[in-house]
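Letter by letter, the chains look like this.
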Amino acid sequence: MKIIKPKLSVGIVGCGRIFKKHYYAISRNKNLVLKSICDINSQKLSNLNFVKNLDKINKYTNLTLFLKKEKLDICVICTPSGLHPKHVNLASNYVKNIILEKPMSTSLRLAYGMIKNTEKKKCNVFIVKQNRLNKPVIFLKDILAKKLLGKIKLITTRVRWSRNLEYFNQAKWRGKWKSDGGVLANQSSHYLDLLLWLINSKIKSVSALSTKIVDKIEAYDTVIGNVKFSNNTIANIEVTTGSLPKNLEGSISVFGQKGTVVINGNSVNILEHAYFKNKKIDKKNIYSEFPKDVYGFGHQRFYSEVSKIITNKLNNTFSLKSSIQCIELIHAMYRSSKLNKTINLSSKKNKSFDKMEA
Ligand SMILES: NC(=O)c1ccc[n+]([C@@H]2O[C@H](COP(=O)([O-])OP(=O)(O)OC[C@H]3O[C@@H](n4cnc5c(N)ncnc54)[C@H](O)[C@@H]3O)[C@@H](O)[C@H]2O)c1
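Residues numbered from 1 in each chain as written. Predicted model: local features only at pLDDT ≥ 70, side-chain atom pairs only at ≥ 80, totals over all residues. Heavy atoms only, no water.

Undergrad: I would appreciate a short explanation of the site of the ligand in the present structure.
TA: Taken together, 29 residues lie around the ligand, and Asp-39, Ser-81, Glu-101, Gln-130 and Trp-173 are the ones closest in. Contact between the ligand and Thr-79: an oxygen atom at 3.3 Å from a main-chain N or O atom of the residue. When the residues that make up the shell around the ligand are grouped by side-chain class, the tally is twelve nonpolar, eleven polar and six charged. Shared between two domains, the shell around the ligand takes at least three residues from each, and those domains are domain 1 (8-130 + 301-319) and domain 2 (132-274 + 324-351). (Near = heavy atom within 4 Å. Polar contact = N/O pair within 3.5 Å; in protein donor to acceptor, adjacent residues only side chain to side chain. Nonpolar A, V, L, I, M, F, W, Y, C, P; charged D, E, K, R; others polar. Domains from an automatic or database assignment.)

Undergrad: Which parts of the structure should I look at to understand the sheet that holds strand β13 (residues 270-276)?
TA: What holds strands together in a sheet is hydrogen bonding between their backbones, with the strands either parallel or antiparallel. Read across the open sheet, the nine strands follow the order β14-β13-β12-β11-β7-β10-β9-β8-β15; overall the sheet is mixed. Only two strands of the sheet have a single partner each, and these edge strands are β14 (279-280) and β15 (343-344). Relative to β13, strand β12 (residues 259-264) runs antiparallel, the two being bridged by six bridges. Each residue of the ladder has a partner; that of Val-262, found in β13, is His-273. Sheet strands touched by helix α6 (residues 135-145): β7 (152-160), β11 (249-256), β12 and β13. Its angle to β13, the strand with the most contacts, is close to 20°. Where helix α11 (residues 324-339) meets the sheet, its contacts fall on β8 (203-211), β9 (222-229), β10 (234-240) and β15, and the angle it forms with β8 comes to roughly 55°. (Pairing = 2+ DSSP bridges. Helix = DSSP H or I, 4+ residues; strand = E, 2+ residues; numbered from the N terminus. Contact = heavy atoms within 4.5 Å. Axes fitted to C-alpha atoms, helices over the stretch in contact; angles between N-to-C directions.)

Undergrad: It is not clear to me how the domain arrangement of the chain should be interpreted in this structure. Could you clarify?
TA: By a widespread convention, an interface's size corresponds to the accessible area lost as its parts come together. Under the domain assignment, the chain is made up of domain 1 (8-130 + 301-319) and domain 2 (132-274 + 324-351). The centre of domain 1, based on its C-alpha atoms, is set 25 Å off from the matching centre of domain 2. Residue-level contacts link 22 residues of domain 1 with 23 residues of domain 2. Across the domain 1/domain 2 interface, buried area totals approximately 2,000 Å², and carbon plus sulfur atoms make up 58% of it. Taken together, the links from domain 1 to domain 2 amount to one salt bridge. One salt bridge connects Lys-129 with Asp-193, and the closest N-O pair in it is separated by 3.0 Å. Counting across the domain 1 and domain 2 interface gives 13 residue pairs in polar contact (both at pLDDT 80 or more). Mapped by element, the contributors of at least two residues to the side of domain 1 that touches domain 2 are α5 (108-120) and α10 (298-311). (Buried area = accessible area lost by both parts, 1.4 Å probe. Salt bridge = Lys/Arg side-chain N within 4 Å of Asp/Glu carboxyl O.)

Undergrad: What am I meant to see in the sheet that holds strand β6 (residues 124-127) here?
TA: Strand order across the open sheet formed by six strands is β3-β2-β1-β4-β5-β6, with parallel pairing between neighbours. What marks the edges here is a single partner per strand, and that holds for β3 (58-60) and β6. Ignoring which end each strand starts from, the neighbouring axes of this sheet average 25° apart. Sheet topology note: the strand β1 (residues 8-13)/strand β2 (residues 32-38) ladder contains six bridges and is parallel. Residue pairing across strands places Leu-8 opposite Leu-32, the latter belonging to β2.

Undergrad: Would you take a moment to explain the side chain of Ser-92 for this structure?
TA: If you trace the backbone, Ser-92 turns up in the loop between α4 (84-91) and β5 (97-100). Ser-92 gets classed as buried once you look at its relative accessible area, which sits at 4%. Polar contacts involving the side chain of Ser-92 include one to the main-chain carbonyl oxygen of Asn-89, which spans 2.8 Å. What Ser-92 contacts, discounting residues up to four positions off in sequence, is Ile-98, Asn-117, Thr-118, Lys-121 and Cys-123. (Buried < 20%, exposed > 50% of the residue type's maximum accessible area, 1.4 Å probe, protein only.)

Undergrad: Help me understand the pairing of β5, please; the structure alone is not making it clear to me.
TA: Put simply, side chains in a regular strand alternate between the two faces of the sheet. Where burial is concerned, the two faces of β5 agree: the one with Asn-97 and Ile-99 and the one with Ile-98 and Leu-100 are both buried. Crossover handedness for the path strand β4 (residues 74-77) to α4 to β5: right-handed. As judged from the four bridges shared by β5 and β6, these two strands associate in the parallel manner. The residue of β6 that forms the bridge with Ile-99 is Phe-126. Handedness of the β5-α5-β6 crossover: right-handed. (Right-handed = clockwise from strand over helix to strand, strands pointing away.)

Undergrad: Would you mind going over the environment of His-84 with me for this structure?
TA: With respect to the helices and strands, the residue His-84 is situated in helix α4. Those residues in contact with His-84 that lie beyond four places of it in its chain are Ile-77, Thr-79, Leu-100, Glu-101, Lys-102, Pro-103, Met-104 and Met-114. Reaching out from His-84, the side chain makes a polar contact with the backbone oxygen of Pro-103 at a distance of 2.7 Å.

Undergrad: I'm lost on the nonpolar core in this one. Help?
TA: Soluble, globular proteins show a tendency: their nonpolar side chains are buried together. Membership of the largest hydrophobic core comes to 51 residues, with the highest contact counts inside it found for Leu-140, Leu-149, Val-223, Leu-329 and Tyr-334. The contacts of Leu-329, once residues within four sequence positions are left out, are Leu-192, Leu-196, Ile-203, Val-206, Val-227 and Ile-237. Cys-15, Phe-126, Leu-133 and Ile-310 belong to the second-largest nonpolar core, a separate cluster that totals 30 residues. (Core = buried A, V, L, I, M, F, W, Y, C linked by side-chain atoms within 4.5 Å.)

Set out below in C-alpha cells:
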C-alpha cells in the first residue's frame, strides 16, 4: 500500500506585489498547501481574486495571532525588506521553517542577530534566491564545478532595469535606506548573490561609486563598483534602476583562462555565449528560457527545492549564514562610496554596520 505523506502547511505574511509568485508556486507543488495569509492591510487580503477558494483560507491582520493560531510547517515572509529581521525573529518562536524574501536584512547588525537567534531556536530560514535555479545559471554553476573554464580571473554583473518615481511612490518603504536599502539591496541582491555563489571565495576589498538617476528618492538607484577576492579573482559590478524607459539587462559574465560564459537577458535567462576547453556550445537555446517578467520561473523551482530539503532533512543551501557575505558586500559598497575609499573586508570593524546609508 502506498503511504500518502501529509502536505506541509504554509502561511504567507505580506500580500503585496510578490505574493502572486508565492501563491502560484505553492499551489503548483503537490507537497504544499496554502492554509492561511496575513497582512496588516485588510484590503490586501480580499483583493486576491486569482486565489482559488479564497474563502477557505484563514485570514489575519495580526502577525502574532496568525503565528500562534495557525501552527504552520512553513511561514513565508513577504513584507517590506526593513522588517525582515523583526518578522523572522518573531516567527522563529512559532515555526521550524521560514521562507524569507530577499534581501535578508537592510542592517548588518540585525542580520547577524537573526542568524544567532534562529540557530538557537533551531529554525531553518530559506532565502528566496530563485535566479540560482535558472537554466543557464545551473549550466554555468555545473561547468565551474567541473573547472572547465580554468582559473577564473574576472566576473562581472550588470543590472540595467527601469524603476521610475511612480514605482517608488507605490509604497512608503520603497527607495528608503532603512526599509528598502537602495538598488544594491533591492533590485540587485540576486545578482550579487549569484556573483558570490559562483566565485565561492572570501571578499578581500571593495570600492564603489553611487548616484541617483531618479533624484527624488532617498537611497541610491545607481552604483558601480569593484571587488577583489581572496583567490585573486576580480569583479566588476554595475547596477541601476534608471534605465529609461524599460528593463534592458540582468547579466553575469565569467572569464576564465580556458573559457568564457556570458548569461544575458533581463534576468540572467539567456545563455548568450559559452566557450570552454576549445569547444563552443552551439545549442544555446536549450540552456535559455523566456519568462514574462524579471522575476522569472524560479519561485516554483525554489519551492520545490525547499520542500525537498525539509521533507528529506537535507542541508539548507539557501540559509541566512550562506547569504551574509552578500549583505556585507552591499554595506561595504555603500560605505566605500560614502567615504570615497577602498573598504578592506578582512577587517572586523567593517562588518558591524547598523544600516545602509549614503
Ligand atoms: N524574489 C524576488 O524577485 C522579489 C521580487 C519582488 C519583491 N521581493 C521582495 O519581497 C518583499 C515584498 O515586496 P513587495 O513588492 O511584495 O512589497 P509590497 O509593498 O507590494 O507588499 C508588502 C506587503 O506587506 C504588508 N505588511 C507590511 N507590514 C506587515 C506586517 N507587520 N504584517 C503583515 N503584513 C505586513 C503590506 O501591507 C504589503 O501588503 C520585499 O522584501 C522585496 O524585496 C522579492
